[in-house]
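Residues per chain, in single letters:
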Amino acid sequence: MTARTTTTTSTGSASAAGASFTRVEGREKVTGAARYAGEIPFAELAHGWLVLSTIARGRILSVESDAVRTMPGVLAVLHHGNAPRVDSDYISMLGPPDPIVEVFQHDRVPFVGWPVALVVAETSEQAREAAEALVVRYEEKSHDVAFSAGHPGTYTPDGDGMLVEKGDLEAELAASAHVVDAEYTTPEEHHSSMEPHAAMARWDSGRLEVVDSNQGSTWVADELAKLFSLDPASVRVRSEHVGGAFGSKGVRVHQILAVMAATLLDRPVRVVLSRRQLFSLTGYRSPTAQRVRLGADADGRLRAVDHQSHSLTSTVHEFVESSAGFGRPMYASDAHRSVNRVVRLDVPTPTYMRAPGEAPGSFALESALDELAERCGVDPIALRARNEPDVGPVSGLPFASRNLLSAFQEGARRFGWADRDPRPGLRREGRWLLGTGTAAATFPVIVAPSTAAVTAEADGTFTVRITAADVGTGARTALTLIAAEALEVPQERVHVRIGDSDFGQAAISGGSMGTRSWGWAVTAAVAELREQLALGGDIPPQGITVRSDTAAAVGGLSKKERHSYGAQFAEVAVDVTTGEVRVRRMLGMFAAGRIINPLTARSQFVGGMTWGLSMALHEEAHRDQATGGHVGADFAGYHFAANADVPLIEADWVQDTDADDPIDIKGIGEIGIVGAAAAIANAVWHATGVRHRNLPIRPDRILNGGGAPGA
Ligand code: MOS
């Protein structure tokens, strides 16, 4: 693998960033030496197994634990009647916590799969056997899990970005030569990462130690300290290796229950969630129903953009999938309106999932633009170019850097777009109808204050300590390259340690802000360290350490529209007799700031695009209306793209710099999925002449010529 994919493995050059490097922990991972939270051995370790509710709404009447307390190995059965109290009345980094943190604090059941008991035993198998034998009695009430755009009780939440209006929308629509008015739906989707959530907790000399799999160890430590009313300095959370997260790995029940059980039993306890449990305990992407209205002049110049998105949330917490915001920074238009509405149902609370808002929002708006291009007889790329804004279309703010059109230009060249006949349903190859499609992508560029420490060691090496999380992205390697470049030393002399809350506050691996935020802190610490080293003198045995904090610098950033961009292309083949859609190739061309490590960056983009393919054709979670729970909450029932579904996917990028940006890294974790499903749906239209506005584009929907949302 190394020899084939790595252009540079060890140059020893003074400027590492920009060349391709395999992951610094790659050998450990592929040999199994890298240990994940669920597999690190601890002496005296006990194991917890969760019992989840089987009703969608009601009350727990009794947890009949006596019968299982005598089963082999069982140490304890925790539930709302005996669990320690927690203080959940706090504001976390992302606002009020999901009430899932109130686990075992009351007898109410708000959805199927709510945690009702934890069986702790000597072995995981014993805990599981007892958990499966545990009888829980309920008082059941009627429930409602049926999502639709017109559901009674739908409301527009308060808060930033829920409703944004500019100009006179109805007047501009009325004056438009062409109007597209269409509804798009996306189903409930899950980010069930390869490594399920797992945490070990133990008390060690008066300190609480948690070994976890998360997107931010200071974030988790801070919330656990608040929940258990502990001095923050007495909580240490570590998360060395993480097998995927995608927005699902914050504070969840597994850490809280491990802490409760470790406290009660006074020994280390680990709680590992099963694949099926992830479906109700770790968040998901809400289904959406989106209405888009576009009004344009005869030549395709936009007069009106109206995007109304509906999603669901639980009865206990408000989380909004903000799909309607996608177009706000994208297209010039005389009038803009976008609104996110939500309805409360008896389901688990959805959460952030790779490109929350932008992933489903781009499917709707970028499909609608393709429909508009068809109406106007304008090439889809030319249509986007015609509506390219000079400043933020809604905000009026200048763009920090915006290279959407160069991404389209280079993408079109490589994909061979110029040869495309725009008419649909004309190309046939045996039983396959062929088509191509394109769509735009964007994602916000965010940064959060972070601290880092860099030590010049006496042996000539450098150690970086930062509470970064490498959720599989290659962040640890990128930070090594960033530090080596700033230090002007070969990367072999730099050791980066991450995933330990004792290293201090830092941004989470979320919102595509990780490498940008951490890279800024590392660069700042290195700059000061180099000033100290320039003074000369010997390095003492303990080394020389400099700490940075980017809070002031981040706060001083000028107000601009900061985004990454992309142009997605897809070619599909559709068998109209079986309904099968095969994606033959995809190309994503991105304008996403400075790329630190091309090898892992490409992997990020391709991963996102693959997920977009999966979203377009495969993924949907089904809820049984009668029970309120999932049907097939596992990898047999939840279908996603496998190797044979994924063709050659090419991802690359164009030059994208902002001289005014102090770090000039934009973040690439999420943009790969944005627009990918729309490009495929647009290609399916080009192949067949039929618009598919409901995802996923299943064979039965191809056979039905579009398919209704509920079908
Ligand atoms: Mo990501 S969905 O911002 O963790």
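Being a predicted model, the structure only gives us computed values, none of them experimental. (Residues numbered from 1 in each chain as written. Predicted model: local features only at pLDDT ≥ 70, side-chain atom pairs only at ≥ 80, totals over all residues. Heavy atoms only, no water.)

1. Some points on the pairing of strand S18 (residues 451–456)
Okay, step 1: Counting buried positions along S18 yields six of six residues, so the element is predominantly enclosed.
Okay, step 2: Judged by which residues are buried, S18 turns out to be covered on both faces: Thr-451, Ala-453 and Thr-455 on one side and Ala-452, Val-454 and Ala-456 on the other are all buried.
Okay, step 3: For S18 and strand S21 (residues 544–549), the ladder comprises six bridges, and the chain directions are antiparallel. Bridge pairing links Ala-456 to Ile-544 in S21.
Okay, step 4: Across four bridges, S18 lies against strand S19 (residues 462–465) in antiparallel orientation. Residue pairing in the sheet places Val-454 in a bridge with Val-464 of S19. (Buried < 20%, exposed > 50% of the residue type's maximum accessible area, 1.4 Å probe, protein only. Helix = DSSP H or I, 4+ residues; strand = E, 2+ residues; numbered from the N terminus. Pairing = 2+ DSSP bridges.)

2. So, a nonpolar patch on the surface
Okay, step 1: Together, Met-93, Leu-94 and Tyr-352 give the surface a local cluster of nonpolar side chains, amounting to about 270 Å² of exposed area.
Okay, step 2: For Met-93, the location among the structural elements is in the loop between strand S3 (74–79) and strand S4 (108–109). (Patch = residues over 30% accessible without salt bridge, like charges linked within 9 Å, V, L, I, M, F, W, Y side chains within 5 Å. Areas by Shrake-Rupley, 256 points an atom, 1.4 Å probe, with all protein chains shown as cover. Salt bridge = Lys/Arg side-chain N within 4 Å of Asp/Glu carboxyl O.)

3. Points about the domain arrangement of the chain
A common measure of how large an interface is: the accessible area buried when the components associate.
Okay, step 1: Taken as a whole, the chain is organised into domain 1 (26–34 + 448–554) and domain 2 (397–446 + 557–711).
Okay, step 2: Summarising the inter-unit geometry, the C-alpha centres of domain 1 and domain 2 are found 34 Å apart.
Okay, step 3: If you look at the interface, domain 1 gives 18 residues, while domain 2 gives 21 residues.
Okay, step 4: Buried surface at the junction of domain 1 and domain 2, summed over both partners, amounts to about 1,500 Å²; 57% is from carbon and sulfur atoms.
Okay, step 5: It is Ser-512, Arg-516 and Trp-520 that lose the most area in domain 1 upon contact with domain 2, and together they represent 45% of the buried surface on that side.
Okay, step 6: Taken together, the connections running from domain 1 to domain 2 amount to two salt bridges.
Okay, step 7: Between Arg-594 and Glu-485 there is a salt bridge whose closest N-O contact spans 2.9 Å.
Okay, step 8: For the interface between domain 1 and domain 2, the tally reads eight residue pairs in polar contact (both at pLDDT 80 or more). (Domains from an automatic or database assignment. Contact = heavy atoms within 4.5 Å. Buried area = accessible area lost by both parts, 1.4 Å probe. Polar contact = N/O pair within 3.5 Å; in protein donor to acceptor, adjacent residues only side chain to side chain.)

4. A look at the packing of aromatic side chains
Okay, step 1: The final tally for this structure, using the stated rule, is twelve aromatic pairs.
Okay, step 2: Between Phe-319 and Tyr-352, the aromatic rings sit 4.9 Å apart at their centres with planes inclined by 80 degrees, giving edge-to-face as the arrangement. Separated by 33 residues along the polypeptide, Phe-319 in the loop between strand S14 (302–314) and strand S15 (335–345) and Tyr-352 in the loop between S15 and helix H9 (358–376) bring together distant segments of the chain.
Okay, step 3: With a centroid separation of 5.8 Å and an interplanar angle of 45 degrees, the aromatic rings of Phe-605 and Trp-653 are classed as tilted. (Phe/Tyr/Trp six-rings, centres within 6.5 Å; stacked < 30°, edge-to-face > 60°.)

5. Remarks on H9
Okay, step 1: For H9, with 19 residues, the first-to-last C-alpha span of 26 Å sits near the 27 Å given by 1.5 Å per residue.
Okay, step 2: Across the 19 residues of H9, 17 count as buried, placing the element largely inside the fold.
Okay, step 3: Immediately downstream of H9, the backbone of Gly-377 shows phi near 70 degrees, a positive value. (Expected span 1.5 Å × (residues − 1).)

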